[in-house]
Amino acid sequence: MSESIYQFSAVDIKGTRIDFKQYENKVLLIVNTASQCGFTPQYKALEALYRKYQSKDLIILGFPCNQFGQQEKGNNEEISAFCEVNFGVSFPLFQKIDVNGKQSHPLYQFLKKSAKGVLGSENIKWNFTKFLVDKHGHVIKRYSPTTKPEDLENKILELL
C-alpha cells in the first residue's frame with residue numbers, strides 16, 4: 001500500500017491550505033462532523049482524546065459536512081465558534097466539505113476507497129464517521145458514527 005494521505009491537502013476553517021505532509025509520523029483520527037446532530041456531543045470525547053494524546057503525536061482532524069440531514073448549516077466562522085464555545089475544541093477543523101457524491105473532497109474519496117464500510121460500501125452513512133490513520137499515512141480502519149471516540153483509545157495507543 002504505497003498511497004498515503006500525505007498526497008492531499010485541505011483548507012482549514014480559517015482559510016489556510018494545510019498540506020497533509022505535515023502530519024507525517026502522527027496518528028490521525030479523521031472525522032466528518034456536524035453541529036446539529038445527535039452525535040454532536042462526541043466533540044467532547046474527541047477533544048478529550050486529543051488533549052490526552054496530542055503530546056504523543058495523535059492529531060484529530062474535523063471536517064464539517066452538511067450532507068446528512070442538513071445538520072451543519074453554519075458558515076466556517078459559526079462552526080468554529082460553536083465548537084470552541086460548546087466543546088472547547090482545539091483540534092484542527094477544516095472548511096465544510098462534501099464527503100459523498102461528485103463534489104466529494106479528494107481526501108474523502110481516498111479514505112472511502114481505503115477503508116470500506118458495511119458490506120463493502122464506500123459512501124459515508126452519517127456524521128461522525130471516523131477513519132484511523134497510522135504514522136505512515138495508511139488508513140487502518142473506518143468506524144461508524146455510533147462508535148464512541150473513547151472506544152478507540154486502545155487502538156490509538158497501539159498505533160502511537
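I will try to describe carefully the structure that is included in this document. (Residues numbered from 1 in each chain as written. Predicted model: local features only at pLDDT ≥ 70, side-chain atom pairs only at ≥ 80, totals over all residues. Heavy atoms only, no water.)

**Describing the pattern of salt bridges**
Spelled out, the test is: We define a salt bridge as a contact between a side-chain nitrogen of Lys or Arg and a carboxyl oxygen of Asp or Glu at a distance within 4 Å. Under the scheme used here, helices are H or I runs from DSSP no shorter than 4 residues and strands are E runs no shorter than 2 residues, and both carry numbers assigned from the N terminus. Buried residues are those whose accessible area, probed at 1.4 Å on protein chains only, stays under 20% of the maximum for their type, while exposed residues exceed 50% and partly exposed ones sit between those limits.
The final tally for this structure, using the stated rule, is five salt bridges. In this structure, the salt-bridge partner of Arg51 is Glu47, at a minimum N-O distance of 2.5 Å. Taken together, the positions of Arg51 and Glu47, both in helix α1 (residues 42-53) and four residues apart, correspond to about one turn of that helix. With a closest N to O distance of 2.7 Å, Lys52 and Glu153 form a salt bridge. Taken as a pair, Lys52 in helix α1 and Glu153 in helix α4 (residues 153-159) lie far apart in primary sequence, 101 residues in all. With relative accessibility at 48%, the residue Lys52 sits in the partly exposed group.

**Some words on the nonpolar core**
Short version of the rule: Side-chain atoms within 4.5 Å link the members of a nonpolar core, which is a set of buried Ala, Val, Leu, Ile, Met, Phe, Trp, Tyr and Cys residues. Any pair of residues with heavy atoms lying within 4.5 Å of one another is described as a contacting pair.
Counting 48 residues, the largest nonpolar core has Ile5, Phe20, Ile30 and Phe63 as the members making the most contacts within it. Those elements giving two or more residues to this core turn out to be β3 (27-33), α1, β4 (58-64), α2 (76-87), α3 (106-114), β5 (130-133) and β6 (139-143). If near-sequence neighbours (up to four positions away) are discounted, Phe63 is found in contact with Ala10, Phe20, Ile30, Val31, Asn32, Thr33, Phe94, Ile97, Leu107 and Tyr108.

**Details of the packing of aromatic side chains**
We count it as follows: Aromatic rings from Phe, Tyr and Trp, with only the six-membered ring used for Trp, were paired whenever their centres fell within 6.5 Å, and each pair was classed as stacked if the ring planes differed by under 30 degrees, edge-to-face if by over 60, and tilted otherwise.
Within the structure shown, the criterion is met by twelve aromatic pairs. Taking the centre distance of 5.9 Å and the plane angle of 50° together, the rings of Phe20 and Phe94 count as tilted. One end of the pair, Phe20, is in the loop between β2 (17-19) and β3; the other, Phe94, is in the loop between α2 and α3, and 74 residues separate them in sequence. Residue Phe94 is classed as buried on the basis of its relative accessible area, which comes to 0%. Members of the aromatic cluster, connected to one another through ring pairs, are Phe20, Tyr23, Phe63, Phe94, Tyr108 and Phe131.

**Some details on α1**
Which entries qualify depends on this criterion: Here the expected span of a helix is defined as 1.5 Å times the quantity of residues minus one. Note that the arc is computed from the directions linking the helix axis to the C-beta atoms.
Taking 1.5 Å per residue as the helical rise, α1 with its twelve residues ought to reach 16 Å, and the 17 Å between its terminal C-alpha atoms agrees with that figure. The set of residues buried in α1 consists of Gln42, Tyr43, Leu46, Glu47, Leu49, Tyr50 and Tyr53. Buried residues along α1 cover an arc of 160° about the axis, so they all sit on one side. Residues Lys44 and Arg51 are exposed on α1 and point more than 90 degrees away from its buried face. The inward-facing, buried residues of α1 abut β3, β4, α2, β5 and α4.

**Some words on the sheet that holds β3**
Put simply, the rule reads: Any two strands with at least two DSSP bridges between them are considered paired. To get an axis, a line is fitted to the C-alpha atoms, and for a helix only the part in contact is used. The angle between two axes follows their N-to-C directions and goes from 0 to 180 degrees.
Taken together, the four strands give an open sheet; going across it, the order is β4-β3-β5-β6, and neighbouring strands pair in mixed fashion. The open sheet has two edge strands with one neighbour each: β4 and β6. With direction set aside, neighbouring strand axes in the sheet form an average angle of 15°. Looking at chain direction, β3 and β5 are connected through four bridges and run antiparallel. In the sheet register, Ile30 faces β5, and the bridge partner there is Phe131.

**Thoughts on the side chain of Asn66**
The line we're drawing: Contacts described as polar in this section are N or O atom pairs within 3.5 Å, which, within protein, must combine one atom able to donate a hydrogen with one able to accept it, while residues neighboring in sequence count only if both atoms come from side chains.
By secondary structure assignment, the location of Asn66 is in the loop between β4 and α2. Using a relative accessible area of 18% as the deciding quantity, one classes Asn66 as buried. Polar contacts involving the side chain of Asn66 include one to the side chain of Gln70, which spans 3.2 Å. Only 3.2 Å separates the side chain of Asn66 from the backbone nitrogen of Gln71, close enough to count as a polar contact. Other than its neighbours up to four places away in sequence, Asn66 contacts Gln71, Glu72, Lys73, Lys96 and Ile97.

**Side note on the pairing of β6**
Looking at chain direction, β5 and β6 are connected through four bridges and run antiparallel. Within β6, the residue paired with Phe131 across the bridge is Arg142. In sequence, β5 turns back onto β6 through a hairpin of five residues, with Gly137 there showing a positive phi of about 80°.

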